[in-house]
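Below are the chains, spelled out letter by letter.
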Amino acid sequence: MTASMQSSVGNPADEKRGMNLTLRIWRQKDPSVKGKMVTYKVTDISPDMSFLEMLDVLNEQLILQGDDPVAFDHDCREGICGMCGLMINGQAHGPQQTTTCQLHMRSFSDGDSIDIEPWRASPFPVIKDLAVDRRAFDRIIQAGGYISVPTGTAPEAHATPVPKADADAAFDAATCIGCGACVAACPNASSMLFTAAKVTHLGLLPQGQPERNDRVVNMIAQQDREGFGGCTNIGECSAACPKGISMETISRLNHDLLGALRAGARPKS
Amino acid sequence: MTVTHAGRRTPKVAKTNSIVKKAVMAVSGIVMVLYLIAHMIGNLKVFTGRESFNHYSEWIRTIGSPALPHQTALTIIRAILLIAVIAHFWAAVSLWRQAKRARPERYVTKKAVAQSYASRTMRWGGVIVLLFIVYHILDLTMGVVNPDGNDSTPYDRLVASFSNPFITAFYVISLVLLGMHLRHGIWSATQTLGQSNRRRERTVNAFAIAFSTILIAGFLIVPFSVLTGLVD
Amino acid sequence: MPLDLFSVGDPIADTKAPTDVPIGERWSERQFRGRLVNPANRRKLTIIVVGTGLAGGSAAATLGEAGYKVKSFWYQDSPRRAHSVAAQGGINAAKNYRNDGDSVHRLFYDTVKGGDFRARENNVHRLAEVSVNIIDQCVAQGVPFAREYGGLLDNRSFGGTQVSRTFYARGQTGQQLLYGAYQALERQIAAGNVEQNARTEMLDLIIVDGRARGIVARDLVTGEISTHFADAVVIASGGYSNVFYLSTNAKGSNTTAIWRAHKRGAYFANPCYTQIHPTCIPVKGDYQSKLTLMSESLRNDGRVWVPKERGDTRDPREIPESERDYYLERIYPSFGNLVPRDIASRQAKNVCDEGRGVGPGGLGVYLDFAEAIERMGRPAVEAKYGNLFDMYAQITGEDPYATPMRIYPAVHYTMGGLWVDYDLQSTIPGMFVIGEANFSDHGANRLGASALMQGLADGYFVLPSTISSYLADGPFDKVDDSHPAAVEAVQGVQEQVQKLLSINGTRTPASFHREVGQLMWDYCGMERTDEGLRKAIDRIQEIRKEFWTNLKVTGDWHSFNQTLEHAGRVADFIELAELMCIDALHRRESCGGHFRAESQTPEGEALRDDENFAYVAAWEWTPEGQPPVLHKEDLVYEYVHLAQRSYK
């Protein structure tokens, strides 16, 4: 792929180019067929490109050849929507602790071979190639990842002060973008970190107290129902999390869950 | 219209909540660790000589005697331990199977970032430790596979086994594995029982390492002493 | 103005706002006069909501909770992906928690002034009134806003205002607000009040007997084209900045829903009002797929400068203070670095045009935190802006703590959108438009932290209240697939999809998108001229022709085909681009984000022409070959005195 094939948007003068890479990409037409790794070459890749821009280059090439471009999910491309997510050389979102869209090619070297696979977990079935269906996460939220407050019923915002430390810790947990890297990286394909982040966020705030017991019990029940694995506290999730959600949230979830069960909370069937 | 992309399969519903299983694993693990502490301290009696060690072994079997029948306390301990082992094993297998179901298609390339050797070997390490325990009971408790046979005293069985470098090597490997199992197990149990947090995380990990090292060292000192002739 | 580019039709006016009462009473009066739907009857009424951002998500949740049957649509896998998630800075509300003289009236005034007197007073006043309820609602939902040590909410100031009324959650306010709405929506989905349609894209509007009654949508996974019917349709599909190809919008953000509704009869208002955000990371190369914004809040503590000399390529740290030009502080002493976005952007363009720009291609200015780090200490800067700095470092590979960041303006928001009345109803009865997709509240320029406010105001409070007036006439006669209007709409969509696949030319959708985007940036971007716009219109028509004869889309329609999705969106962007240029050409004044080089003050500031252009330009689509029809809505200012904006 050469620069001339693209029209000149921007076009600063001192652009760096030059990496040649071998990509091995999981291709799978749809969930009903078996997939396999297919090898592609891309040339003249700039180290300033994002990983997804590198895949754009490949796809433009494939389209022009009349081949099927590689399907992958992405949207905001600024690391916040959680839509992108690829297993890159065996690591969720690649070698940096960030989202795939924020991974830049300067993390690789000329001549590298890169394996690209979709998230693999049975609750995340492959839709096509590298795109997976993550709606299991939505269903976990549906099971209790909210505070029930009908529109218009809220009291004055300053009616309940929240200690800064709690608000900050709640925020840290609330930054989870639901990308699924935790599940992808976990040897057990567990969604514990995702669930724990929400349980922690809402459980730390005074507004979240009334539903605290039911929330944790139901979210965990849903997580099991979706077919995620169990947590064995290995920590791959937190190490892969682009938002650095900590293992502490899992401990907090466990604490809440055992407390809720002792208090008699039981999941809705 | 309800969209049903990518044919969502109905997963097998786990009957027991995965965290309850984990809690069972943690509590049974703690029970076994408590026993191991007592066991290790008891072992050190070997340095007080044959007489004293055999007497200790006899004392365990006669606690409460003559008010209680022979071996009452020991039987209770054994029963509790057996339940703990079974519960621990059941929880482990069940979570293992859940994990297998959760990822039927494996990665072509997968790199571990955070996992330690200890956490990676929890499952196979656990199985090896279990096999070791079975052998250990047959060897030193029941004596059926002991070089000295089952008629000898506990002290003699111990010396007989550990005088054999191969048996000692097996003990050492198994105990090191057990140590690693404990190292991750202690951290994991703290997490599972909801007692860890960011501030405590480092302390818990340091404690787990120190505790398992001391415990295993306490166990290992006995075979090494036999091997080096310190105990004979 | 040549008549071949457009024709002028009848004026249009909002008839819903009760102008017979003072402005502060109009919203409650409208609510009182509006008709209600009894809770038992709401179950018989179905509402389609397209989009799940702050506006669509909050609307779907609130309507579902109210008892209506809601069908919600989004093109991503989860409602939580909607691009509202990326808003960084904050959300305004007239709480006056700082005791710094803020009030509903001041927020109203600031917004009208910030919009360069091209917004409707009634809508803006309502927005300011409702703003305080939004904060209450979000806090109750568990949105973790920044707090002070006393446990109360923290505020910061934002561009274009002199009070601190912006609530924020570090640099991720949009994310946290969106998750609040998302969680409320998921709760309603779980309760069975909202039907979810993930990865489903609206491709046409179905109108029956003059009322919007449904949509045609394509399931992006299976390719299935299906119809969905309702008693009302709410469009909350966001803005159209991606017409520029490079913008801060998500890659999937598109104009398709509003554009196809426009082609079905909804007027498109002020399409040329686009906002160019001053603090984005500069373009690096021709492969660039999107631009990343860094919150305007950075201008609170960062100082913007360029070298005084042109072509100064020294390391910025080696340029002494005396050779730096802090041009915003110099030109606007009272607002300094906090001037509104349009002004900050244009001044950046000006200094770069003078050859004093920095970085690759000379398209950048410095945003320097050295002084802030010295004053507040690095930990305080980290706490306030850490995630933005990390983002910058990640993208550019440079350390912003050590060396000044480089920034350049990028397209960020579109104030224009489908025309709506005070009830947020479009010119098609039964079709409501909320959030960035409508045109209503920001005039010619949006102030920072006002987009989140408007999205949530529309979704939580305004629409759920106004829509009942319309629905009180329902339920309407049942319609199904066999209705001629539905058959025709489905056929049209199928034909277009098949056409896109059958051209089999030599250019990808992305290459057309880039070309039209570059053209728009060059001629319909920060500065617009009569000549440039005419050139752009000619070129867009050529691009459009080439698109339909030389496009290449691989694969088929009945599967997951992202190239096909993109092609359909680009087709709409090309048509919209032409209308934007026509609108920009016809508005021979400068106002807010619309800067016509022919209309400026001697100091180079935007010069409005209130006598001739104090109106909303609402465009009506006409069939192929006919020029669009302009309908003017006169803007009446009763409470705000029209004045030249000054931030000096």
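Remember, it's a predicted structure, so these values are computed and weren't measured experimentally.

## Topic: the overall build of chain B
Consideration 1: If you tally the helices and strands in chain B, you get eight helices and zero strands.
Consideration 2: Order of helices (α) and strands (β) in chain B, N terminus to C terminus: α-α-α-α-α-α-α-α.
Consideration 3: Considered along the principal axes of its C-alpha atoms, chain B spans approximately 80 × 40 × 40 Å.
Consideration 4: For chain B, the residues scored as buried account for 29% of the 232 residues in total.

## Focus on the overall build of chain A
Consideration 1: A tally of regular secondary structure across chain A gives eight helices and seven strands.
Consideration 2: For chain A, the spread of C-alpha atoms along the principal axes amounts to about 65 × 40 × 35 Å.
Consideration 3: A burial count over chain A gives 65% of its 269 residues as buried.
Consideration 4: Of the contacts formed within chain A by residues at least 6 apart in sequence, a portion of 72% connects residues at least 24 apart.

## Some words on the interface of chain B and chain A
Consideration 1: Contacts between the two partners involve 43 residues from chain B and, on the opposite side, 46 residues from chain A.
Consideration 2: For the side of chain B that touches chain A, the elements supplying multiple residues, two or more each, are α1 (18-43), α3 (72-102), α7 (165-192) and α8 (198-227) of chain B.
Consideration 3: Counted by class, the side of chain B that touches chain A contains 18 nonpolar, 15 polar and ten charged residues.

## Quick word on the interface of chain A and chain C
Consideration 1: In this assembly, 78 residues from chain A lie in contact with 75 residues from chain C.
Consideration 2: If you list the elements that add at least two residues to the side of chain A that touches chain C, you get α1 (51-64), β6 (126-128), α2 (135-142), α3 (164-174) and α5 (192-203) of chain A.
Consideration 3: Looking at the side of chain A that touches chain C element by element, the count peaks at seven residues for α1 of chain A.
Consideration 4: For the side of chain A that touches chain C, a count of residues per class yields 35 nonpolar, 22 polar and 21 charged.

## Remarks on the sheet that holds strand β18 (residues 417-418) of chain C
Residue and element names in this part refer to chain C.
Consideration 1: In space, the five strands of this open sheet follow the order β1-β21-β20-β12-β18, with mixed pairing throughout. The outermost strands of the open sheet, each flanked by one partner alone, are β1 (7-8) and β18.
Consideration 2: Note that strand β12 (residues 268-269) and strand β20 (residues 615-620) share two bridges and pair antiparallel. Within β20, the position partnered with A269 by the bridge is A618.
Consideration 3: Its contacts with the sheet put helix α17 (residues 562-586) on β12, β20 and β21 (629-634), and the angle it makes with β20 is roughly 145°.

## Focus: the packing of helix α15 (residues 509-523) of chain C against α17 of chain C
All names here are of chain C.
Consideration 1: Where α15 contacts α17, the two axes come as close as 9 Å, and the packing angle between them is 25°. Put simply, α15 runs roughly parallel to α17. The hand of the α15/α17 crossing is left-handed. Residue-level inspection shows P509, A510, F512, H513, V516 and M520 of α15 in contact with α17, the latter providing T563, H566, A567, V570, F573, I574 and A577.
Consideration 2: Split by residue class, the contact of α15 with α17 holds ten nonpolar, three polar and no charged.

## Concerning the nonpolar core
Residues and elements named next belong to chain C.
Consideration 1: Residues V234, I235, L418 and C581 are the most contacted members of the largest nonpolar core, which totals 327 residues.
Consideration 2: Broken down by element, this core gets its largest block of residues, 14 residues, from α17.
Consideration 3: Filtering out sequence-adjacent residues up to four positions away, C581 remains in contact with C524, L533, A536, I537 and I540.

## Thoughts on helix α16 (residues 530-550) of chain C
Residue and element names in this part refer to chain C.
Consideration 1: Compared with an ideal rise of 1.5 Å per residue, which puts 21 residues at 30 Å, α16 spans 30 Å between its outermost C-alpha atoms and is within 8% of the ideal.
Consideration 2: Of all the residues in α16, the buried ones are L533, A536, I537, I540 and F547. Here the buried residues of α16 occupy an arc of 105° about the axis, which is enough to place them on one side. Facing away from the buried side of α16, by more than 90 degrees, are the exposed residues E531, D538, Q541, E542, K545 and T549.
Consideration 3: Buried-residue contacts for α16 involve α15 and α17.

## Concerning the domain arrangement of chain A
All names here are of chain A.
Consideration 1: The domains assigned to chain A are domain 1 (16-117) and domain 2 (134-150 + 161-262).
Consideration 2: Each partner contributes to the interface: domain 1 provides twelve residues, whereas domain 2 provides ten residues.
Consideration 3: Its residues placed into classes, the side of domain 1 that touches domain 2 shows four nonpolar, eight polar and no charged.

## Some remarks on the sheet that holds strand β1 (residues 19-27) of chain A
Residue and element names in this part refer to chain A.
Consideration 1: The strand order across the open sheet built from five strands is β2-β1-β5-β3-β4, with neighbouring strands paired in mixed fashion. Here the strands that pair on one side only, and so sit at the sheet edges, are β2 (36-45) and β4 (91-92).
Consideration 2: Sheet strands touched by α1: β1 and β2. Its angle to β2, the strand with the most contacts, is close to 100°.

## Overview of the environment of P11 of chain C
Residue and element names in this part refer to chain C.
Consideration 1: In this structure, P11 sits in the loop between β1 and α1 (23-33).
Consideration 2: Separated by 385 residues in sequence, P11 and T396 place their C-alpha atoms 50 Å apart.
Consideration 3: Setting aside anything within four residues of it in sequence, one finds P11 in contact with H631, K632, E633 and D634.

## Quick notes on unusual backbone geometry
Consideration 1: Geometrically, the link from S65 of chain B to P66 of chain B is a cis peptide bond, its omega value of 5° lying close to zero.
Consideration 2: Its location among the elements puts P66 of chain B in the loop between α2 (50-62) and α3.
Consideration 3: With omega at -10°, the peptide bond leading from G474 of chain C into P475 of chain C counts as cis.
Consideration 4: With a phi close to 45°, R199 of chain C is a non-glycine residue in the positive phi region.
Consideration 5: Residue placement: R199 of chain C occurs in the loop between β7 (194-197) and β8 (200-208).

## What about α1 of chain A?
Consideration 1: Relative to the 20 Å expected for 14 residues at 1.5 Å per residue, α1 of chain A spans 20 Å between its end C-alpha atoms, a close match to the ideal helical length.
Consideration 2: For α1 of chain A, a buried count of ten out of 14 residues is recorded, marking the element as mostly surrounded by other parts of the structure.
Consideration 3: Those residues of α1 of chain A that fall on the buried side of the exposure criterion are F51, L52, E53, M54, L55, D56, V57, N59, E60 and I63 of chain A.
Consideration 4: At its buried positions, α1 of chain A is contacted by β2 of chain A together with α15 and α17 of chain C.

## Quick notes on the packing of helix α3 (residues 54-66) of chain C against helix α6 (residues 173-190) of chain C
All names here are of chain C.
Consideration 1: Between α3 and α6, the least distance of the axes is 8 Å, while the angle of their chain directions is 35°. The crossing of α3 and α6 is left-handed. The residues of α6 that touch α3, namely those facing L54, G57, S58, A60, A61, G64 and E65, are L177, L178, A181, Y182, A184, L185 and Q188.
Consideration 2: Of the residues in the contact of α3 with α6, the class split is nine nonpolar, four polar and one charged.

## Describing the pairing of strand β9 (residues 211-219) of chain C
Residues and elements named next belong to chain C.
Consideration 1: For β9, the buried fraction is high: nine of the nine residues fall into the buried class.
Consideration 2: Bridging between β8 and β9 involves eight bridges; their strand directions are antiparallel. If you follow L205 over to β9, its bridge partner there is I215.
Consideration 3: Two elements, β9 and strand β10 (residues 225-229), share five bridges in a ladder whose sense is antiparallel. When the bridges of β10 are listed, A217 appears paired with S226.
Consideration 4: Linking two consecutive strands that pair antiparallel, namely β9 and β10, is a turn of five residues; a positive phi of about 85° is found at G223 within it.

## With respect to the confidence of the model for chain A
Consideration 1: Here chain A averages 93 in pLDDT, and 94% of its residues register 70 or above.
Consideration 2: Taken together, the stretch residues 1-15 of chain A has pLDDT below 50 and engages in 41 contacts with residues farther than four places along the chain or on a different chain.

## Thoughts on the environment of Y267 of chain C
Residues and elements named next belong to chain C.
Consideration 1: On the secondary structure map, Y267 appears in the loop between α7 (256-263) and β12.
Consideration 2: Each C-alpha atom, one on Y267 and one on D368, is 44 Å from the other, the two residues being 101 residues apart in sequence.
Consideration 3: Beyond its immediate sequence surroundings of up to four residues, Y267 is in contact with I12, W419, T427, A618, W619, E620 and H631.

Thresholds applied
- Residues numbered from 1 in each chain as written.
- Chains lettered and ligands numbered in written order.
- Predicted model: local features only at pLDDT ≥ 70, side-chain atom pairs only at ≥ 80, totals over all residues.
- Helix = DSSP H or I, 4+ residues; strand = E, 2+ residues; numbered from the N terminus.
- Buried ≥ 20, exposed ≤ 12 C-beta atoms within 10 Å, placed from the backbone.
- Contact = placed C-beta atoms within 7 Å.
- Nonpolar A, V, L, I, M, F, W, Y, C, P; charged D, E, K, R; others polar.
- Pairing = 2+ DSSP bridges.
- Axes fitted to C-alpha atoms, helices over the stretch in contact; angles between N-to-C directions.
- Parallel < 35°, antiparallel > 145°, perpendicular 65-115°, else oblique.
- Left-handed = near helix turned anticlockwise from the far one by under 90°.
- Core = buried A, V, L, I, M, F, W, Y, C linked by C-beta atoms within 7 Å.
- Expected span 1.5 Å × (residues − 1).
- Arc of directions from axis to C-beta.
- Domains from an automatic or database assignment.
- pLDDT = per-residue confidence, 0-100.

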